[in-house]
Amino acid sequence: MAKKLLLVLMLVCGTSPLLAQTKTVTGVVTQDGIPLAGVNVLLQGTTTGTQTDFDGLYTIEAAPGDVLVFSYIGMKTQSLTVGASNKLDVDLVEDAEQLGEVVVTALGIKREEKTLTYAQQTVQGDELTKTRDPNFMNSISGKAAGVEIKKSSSGAGGSTKIVLRGNKSLSGDSSPLFVIDGIPMANNKGGQPGMWGGTDQGDGLSAINPDDIASISVLKGSNAALLYGSQGANGVVVITTKQGAEGKTTVTLNTGYTFEHYLNSEMPDLQFKYGAEGGTKESWSTTPGNYDDQYVKNFFQTGDTFNNSVTISSGGQKTTTYFSYANISSTGITPNNTYEKNNFTFKQSTKLFNDKVTVTSNVILALEKTENRLPAGYYLNPLTGLYQFPRNRNFYDYKNNYQVFDTDRNLFLQNWFVVDHQQSNPYWIVNKEPLTEDSKRVIGSLNISYDILDNLKFQVRGSYDYAVRGYEQQHAAGSNSTNVAPNGAWNYSKYDDQLAYADAILTYDTTFGEDFSFNATAGASYQKSKYGDGVGVSSGVTGLLYPNQFYFQNLPTNVQVLSGYNGTGNNIYSEAIKEGLFFNGQLGFKEMLFLDVSGRNDWASTLALTGNDSYFYPSAGLTALFHEMFELPEVISFAKLRGSFSQVGNEVPFNRIFPQNTINASGGVVRNTVKPFFDAKPEIINSTEFGIDMRFYQNRLGFDFTYYSLVSKDQFIQVPTVSGEGGFTTEFINAGEITNKGVEITLNAIPFRTDNFEWSTNVNYSKNNNEIVDIGPDDEKEINLGSSEGYQSKLVEGGKYNDLYVYVFERNDQGQILFSGGKPLKTKQTQLVGNLDPVWNLGWNNNFTYKRFNMALFFSGKFGGKTFSQTQSMLDGAGVSQRTADARDAGGVTVNGVDETSGAAITTVDPETWYRAIGDRNGVGEPYVYDRTNIRLSQFALGYDFDMSNVTWVKGATLSFIGNNLFMIYNKAPFDPELAMSTSRNSQGLDNFNLPSTGTYGFNLKLTF
């Protein structure tokens, strides 16, 4: 009997789960009655889940008694129990702590935005991938106030120049620090071109996969970035990466294809009506002809880019995992130019010991290879010969026969119509002077956090950033003799960049009674970097022992193989150790007043031997929330006033304190002539900031205003030595002062919102005023930022960073141009004609949704400032610009001039006389200075979300038409002012045979499984 009872009991227990049969549960998730797409619906205690579709509908298998968890960014998570009904609807409620209020700040610390005492802006990850720009920072331009971004004219994989709130150093770089998940990363630039030539060698940002980025927080001032120490003195860009999520595995696939074409409006305006006379290289004939006008356009091709990526996110209650792979394969607009990038990312987070300990690891691998990226400047640039080729000659004779066999030398040599120091056959350069750049990089990090108490956490983090970079250009025998020896030339470098970082951070958060809150962060950090550790050689006009053999054994003995060089002669080696202790505390009162105090002490190895290698700097700020203090009109949802002050130090560069002797190719010692800088002090930047943040109509309208003032003192300035003792000719001193003062305004609005349609818009405005208050003890001192061929940018006391100086016309008191011998006269010295930075910037971002359609439009504008075109000057001098043809058609150039000797009026000048005088090299620069103002449609995306409710294996599908830099609305310069020849601090605003500006358009398909 007992056995029978036991058997019955086992049957009952064994079949009891079957009594709760699963069923299909459906419902609609809304917010204020409006359907929400993408809401996560998870069966509690399992990994089973789904997401709502575009209409807010979801379907899931569950049993009565099961709990469904509904979660969505910006909304409070809700849990509902499944009952007898098969339908379960839910209306989510906004969560004030998530509605853009919780942001990532310094060291990866999350803070409520309302408590911050400084300005910061966050750009969400989807803004970076809407139009699939290979360099994600280009997608931020104009979307954050106070951020000046210029991309290189070199094409895909090129570097980007980024400055936050103006240039701050007389001798150093003003680039911000880049951080991934709270940990600094290296963003080193390779060589950059200038007036005479050179190639952009990229930077470290291209290693990041935009699909991995969850958000970017821009900490624009040292007030926000102080906890990073001196390396954050120029601001910080904090990148937060995606991570796995609890629930069902989600796979996202992106595949896109874009075309790239040059913008006709940004191409040089060339003439094909007049050729050359007497075999000259210039096209100054006055006899019209019918010449080919297609060979320039035919040199350029339609580029294309394949952009494919896959991400996998999964996890349970203890462990979450994220993996991604991305590939970019690009062909440029010039022959043989290609770019290839592969990214791998693996991130995992695991909770241990009753969820007290969380271990997070992340590995990023990036492999890049670029072939035949075009240079800028005069030399070894195919565009100089392409644009200036005499119109009466047959270009295709040289295209199809760019090389001819020389029987005496038994090798192929260049075929070109003239031996000229600037010109080469364009097809010889792209085929016989190949350039290859490659980079292999890995970034690994580990984060272990321990929740000691509910409000006390301790974490240790470490990372290692390692990159191997290679650069090689092989110049075949027969290349331009100005730069290449008869047997050819070899430029080669291979070097490592290493950055090791570790920190330990203790955080505490508590309340005192009902009125006071307090949170604190304290920690220590250690960082060791070694950049440019390798070898390089540039044989140049010294050449090779045997022609066209490119290896070390073929170098003459007087060609030196250098360590720590990048192949272009720029010493990039540096090594430093930085240690720091830091603290931040915030005291809150009744959620309406917040006092923030920070401090950091750094120890820098580059200041060793000075006694000043330890330095402390503080920060303090106050925030007041007036909507919590007072009864405000109902229309005002939020009102915040903030103010802060900070001081941050910046150590001297590597090898500045005690420079060493070097060794030349013959083994001799090259004596150092720079006096040791044993009394060096850190450069100090004082920053003051005030702002107001207002929001109206339940956050549908927002306004943020910031005023800042930055004062940079104790700059590192090189001056002549007074005594010359010890054989030293120059020395460094702490002196100089630069100020940056400006305003930043951000407007956010949702002008229209209905059940089917929504328009959200965002406007960013910024204006910065820079002044060089003091340049050192010698008030007449000048610091050169690029000077050649009549273009000059220099720093002088009382001026501004990036002031432009050129030769201008000599004029009499009536403003007439003075002539001598029939030619216009120019000033003996260059004159200030303006500044290369814009006066103010504007960005306008718009997002529209209508049912399943979505559209994004982003307009950007730079207003004021100047730019300079040496290209136009050279084309005028060679007689190949359209305006030289127009002048010949008109019978001369109309001017308002006077002969300086006779006083006779001059109203018309022969076109060749005029343009040879003002154009070409070292002409009159005044006519080639242009207004930098430009307005463009920077980004466009039009997408459609397909209804996948009847497809079980696909959660979502979106097809989008995308475009970047589609067209100019306004631009008076003959080139794109926002393309940088160089992304270093030199040669800004200069166009000298740069690649023309390009636009991209194509499509992208996103599938979610």
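As the structure is a computational prediction, the values presented were derived from the model and not from experiment. (Residues numbered from 1 in each chain as written. Predicted model: local features only at pLDDT ≥ 70, side-chain atom pairs only at ≥ 80, totals over all residues. Heavy atoms only, no water.)

As for the overall build of the protein chain
So, step 1. The helix and strand inventory of the protein chain stands at eleven helices and 56 strands.
So, step 2. Computed over C-alpha atoms, the radius of gyration of the protein chain comes to 32 Å, within 12% of the 30 Å expected from 2.2 N^0.38 for 1009 residues, which places it in the range of a compact globule.
So, step 3. For the protein chain, the spread of C-alpha atoms along the three principal axes comes to 125 × 65 × 65 Å.
So, step 4. For the protein chain, the residues scored as buried account for 55% of the 1009 residues in total.
So, step 5. Once local pairs closer than 6 in sequence are excluded, the contacts in the protein chain between residues at least 24 apart make up 69%.
So, step 6. As displayed, the protein chain offers around 42200 Å² of accessible surface, 55% of which is attributable to carbon and sulfur atoms.
So, step 7. Distance between charge centroids for the protein chain: 3 Å, based on 79 positive and 103 negative side chains. (Helix = DSSP H or I, 4+ residues; strand = E, 2+ residues; numbered from the N terminus. Rg over C-alpha atoms; globule rule 2.2 N^0.38 Å. Buried < 20%, exposed > 50% of the residue type's maximum accessible area, 1.4 Å probe, protein only. Contact = heavy atoms within 4.5 Å. Areas by Shrake-Rupley, 256 points an atom, 1.4 Å probe, with all protein chains shown as cover. Lys, Arg positive; Asp, Glu negative; His and termini not counted. Charge placed at Lys NZ, Arg CZ, Asp CG, Glu CD.)

Observations concerning the pattern of salt bridges
It is possible for side chains of opposite charge to pair when their charged atoms get near one another.
So, step 1. Per the counting criterion, the structure on display carries 39 salt bridges.
So, step 2. Notably, a salt bridge pairs arginine 921 with glutamate 789, separated by 2.5 Å at the nearest N-O pair. Residue arginine 921 is found in the loop between α11 (911-918) and β51 (929-931), and its partner glutamate 789 is found in the loop between β40 (783-788) and β41 (791-795); the two are separated by 132 residues along the sequence.
So, step 3. Classification of glutamate 789 by relative accessible area gives buried; the value is 7%. (Salt bridge = Lys/Arg side-chain N within 4 Å of Asp/Glu carboxyl O.)

Description of the sheet that holds strand β49 (residues 893-899)
So, step 1. On the basis of which strands lie adjacent, the open sheet formed by four strands has the order β44-β43-β49-β50 and mixed pairing. Lying at the two open borders of the sheet, with one neighbouring strand each, are β44 (823-824) and β50 (905-909).
So, step 2. Judged from the three bridges that link them, strand β43 (residues 817-820) and β49 form a sheet pairing that is parallel. If you follow isoleucine 817 over to β49, its bridge partner there is glycine 897. (Pairing = 2+ DSSP bridges.)

Some words on helix α10 (residues 882-890)
So, step 1. Listed in full, the buried residues belonging to α10 are Thr884, Ala885, Ala887 and Arg888. End-on, the buried residues of α10 take up no more than an arc of 160°, which puts them together on one face.
So, step 2. Packing partners of the buried residues in α10 comprise α9 (870-877), β49 and α11.
So, step 3. Phi for glycine 891, located one or two positions after α10, is positive at around 85°. (Arc of directions from axis to C-beta.)

Here's the deal with unusual backbone geometry
So, step 1. For asparagine 354, which is not glycine, the phi torsion reads 60° and is therefore positive.
So, step 2. Topologically, asparagine 354 is positioned in the loop between β21 (338-352) and β22 (357-371).
So, step 3. Taking relative accessible area as the criterion, asparagine 354 reaches 74% and is therefore assigned exposed.
So, step 4. Despite not being glycine, glutamate 789 has its phi angle at roughly 55°, a positive value.

Regarding empty space enclosed by the protein
So, step 1. For the coordinates displayed, the defined rule picks out 14 cavities of 30 Å³ or more.
So, step 2. The volume enclosed by the largest cavity comes to roughly 890 Å³.
So, step 3. Lining of the largest cavity is provided by 50 residues; of these, Asp133, Asn138, Lys151, Leu979 and Thr998 occupy positions nearest its centre.
So, step 4. Counting only elements with at least two residues in the lining of the largest cavity, the list comes to β12 (147-152), β18 (247-262), β20 (319-331), β21, β47 (853-863), β52 (934-946), β53 (956-971) and β56 (998-1008).
So, step 5. The class makeup of the residues in the lining of the largest cavity is nine nonpolar, 32 polar and nine charged.
So, step 6. Quantified by volume, the second largest cavity comes out at close to 240 Å³. (1 Å grid on protein atoms, 1.4 Å probe; cavity = no way out; pocket = protein on both sides within 12 Å on 5 of 7 lines; lining within 4 Å. Points joined across faces, edges and corners; volume = space filled by probe spheres on them. Nonpolar A, V, L, I, M, F, W, Y, C, P; charged D, E, K, R; others polar.)

Considerations on the environment of aspartate 991
So, step 1. By the element assignment, aspartate 991 lies in strand β55 (residues 990-991).
So, step 2. Residue class for aspartate 991 comes out buried when judged on its relative accessible area of 6%.
So, step 3. A distance of 3.2 Å separates the side chain of aspartate 991 from the side chain of serine 869, its partner in a polar contact. (Polar contact = N/O pair within 3.5 Å; in protein donor to acceptor, adjacent residues only side chain to side chain.)

Some remarks on the sheet that holds strand β4 (residues 49-51)
So, step 1. The strand order across the open sheet formed by four strands is β4-β3-β6-β7, and the pairing between neighbours is antiparallel. Bordering the open sheet on either side are β4 and β7 (78-81), each of which pairs with just one other strand. Averaged over all neighbouring strand pairs, the angle between strand axes comes to 20°, with direction disregarded.
So, step 2. Note: strand β3 (residues 40-43) against strand β6 (residues 67-71), four bridges, orientation antiparallel. Among the inter-strand pairings, leucine 43 is bridged to a residue of β6, identified as leucine 68. (Axes fitted to C-alpha atoms, helices over the stretch in contact; angles between N-to-C directions.)

Quick notes on a nonpolar patch on the surface
So, step 1. A cluster of nonpolar residues, Leu446, Ile448, Tyr450, Ile452, Leu453, Phe458, Val460 and Leu506, forms a patch on the protein surface that exposes about 610 Å² of accessible area.
So, step 2. Listing elements by their share of the nonpolar patch, those giving two or more residues are β25 (435-453) and β26 (456-475).
So, step 3. Among the elements that take part in the nonpolar patch, β25 stands out by supplying five residues, more than any other.
So, step 4. Within the secondary structure, leucine 453 sits in strand β25. (Patch = residues over 30% accessible without salt bridge, like charges linked within 9 Å, V, L, I, M, F, W, Y side chains within 5 Å.)

Some thoughts on the side chain of threonine 199
So, step 1. Counting through the fold element by element, threonine 199 comes out in the loop between β15 (183-185) and β16 (213-219).
So, step 2. Ignoring anything within four residues of it in the chain, the contact list for threonine 199 reads Gly191, Gln192, Pro193, Arg373, Leu374, Pro375, Leu435, Glu437 and Tyr471.

Observations concerning the pairing of strand β46 (residues 840-850)
So, step 1. In terms of strand pairing, strand β39 (residues 757-774) meets β46 through eleven bridges, oriented antiparallel. Counted as the bridge partner of tryptophan 759 is phenylalanine 848 from β46.
So, step 2. In this antiparallel pair of consecutive strands, β46 and β47, the connection spans two residues, and lysine 851 shows a positive phi of 50°.

Let's talk about the side chain of serine 309
So, step 1. With respect to the helices and strands, serine 309 occurs in strand β19 (residues 303-315).
So, step 2. Looking at serine 309, its side chain comes within polar contact range of the side chain of aspartate 211, at 3.0 Å.
So, step 3. For serine 309, the contacting residues outside a window of four places in its chain are Arg132, Asp211, Thr252, Leu253, Asn254, Tyr325 and Ala326.

What to know about the packing of aromatic side chains
So, step 1. Inspection of the entire model under this criterion finds 48 aromatic pairs.
So, step 2. Consider the rings of tyrosine 295 and phenylalanine 389, whose centres lie 5.9 Å apart with planes at 75°: the pair is edge-to-face. Here the residue tyrosine 295 occupies a position in helix α4 (residues 295-299), and phenylalanine 389 occupies one in the loop between α5 (382-388) and α6 (395-400), the gap between them amounting to 94 residues.
So, step 3. The exposure class assigned to tyrosine 295 is buried, which follows from its relative accessible area of 2%.
So, step 4. On the basis of relative accessible area, phenylalanine 389 is assigned to the buried category, the value being 0%.
So, step 5. Aromatic rings pair up to connect Tyr262, Phe272, Tyr295, Phe299, Phe300, Phe389, Phe395, Tyr396, Tyr398, Trp416, Phe417 and Tyr427 into one cluster.
So, step 6. Just above the ring of phenylalanine 732 sits the side chain of arginine 656; from NZ or CZ to the centre is 4.1 Å.
So, step 7. Just above the ring of tyrosine 805 sits the side chain of lysine 794; from NZ or CZ to the centre is 4.4 Å. (Phe/Tyr/Trp six-rings, centres within 6.5 Å; stacked < 30°, edge-to-face > 60°. Lys NZ or Arg CZ within 6 Å of the ring centre and 35° of its normal.)

Focus on the pairing of β52
So, step 1. Taken together, the ten bridges between β47 and β52 define a ladder with antiparallel strand orientation. Within the sheet, the bridge partner assigned to leucine 857 lies in β52 and is phenylalanine 940.
So, step 2. Sheet topology note: the β52/β53 ladder contains twelve bridges and is antiparallel. Residue pairing for β53: leucine 942 is matched across the bridge by phenylalanine 961.

Focus: the nonpolar core
So, step 1. Val296, Phe300, Leu383, Leu386, Tyr387 and Trp914 are the most contacted members of the largest nonpolar core, which has 60 residues in total.
So, step 2. Residues within four places of tyrosine 387 in sequence aside, it is in contact with Met267, Pro268, Leu270, Val296, Phe300, Leu875, Val880, Phe993 and Pro996.
So, step 3. Counting 35 residues, the second largest nonpolar core, distinct from the first, contains Tyr118, Leu177, Ala233 and Tyr617. (Core = buried A, V, L, I, M, F, W, Y, C linked by side-chain atoms within 4.5 Å.)

Digging into the UniProt feature "domain: TonB-dependent receptor plug" (unreviewed entry) in the protein chain
So, step 1. What UniProt calls "domain: TonB-dependent receptor plug" (unreviewed entry) maps, in this numbering, to residues 114-236.
So, step 2. For residues 114-236, the helix share is 7%, the strand share is 25%, and the end-to-end C-alpha distance is 20 Å. (UniProt positions renumbered as here; feature names shortened; annotations may be inferred.)

Points about the environment of lysine 189
So, step 1. Structurally, the position occupied by lysine 189 is in the loop between β15 and β16.
So, step 2. On a C-alpha basis, the gap between lysine 189 and leucine 205 in space is 9.4 Å, while along the polypeptide they are 16 residues apart.
So, step 3. Not counting chain neighbours up to four residues away, the residues in contact with lysine 189 comprise Ser159, Thr160, Ser175, Gly202, Asp203 and Thr983.

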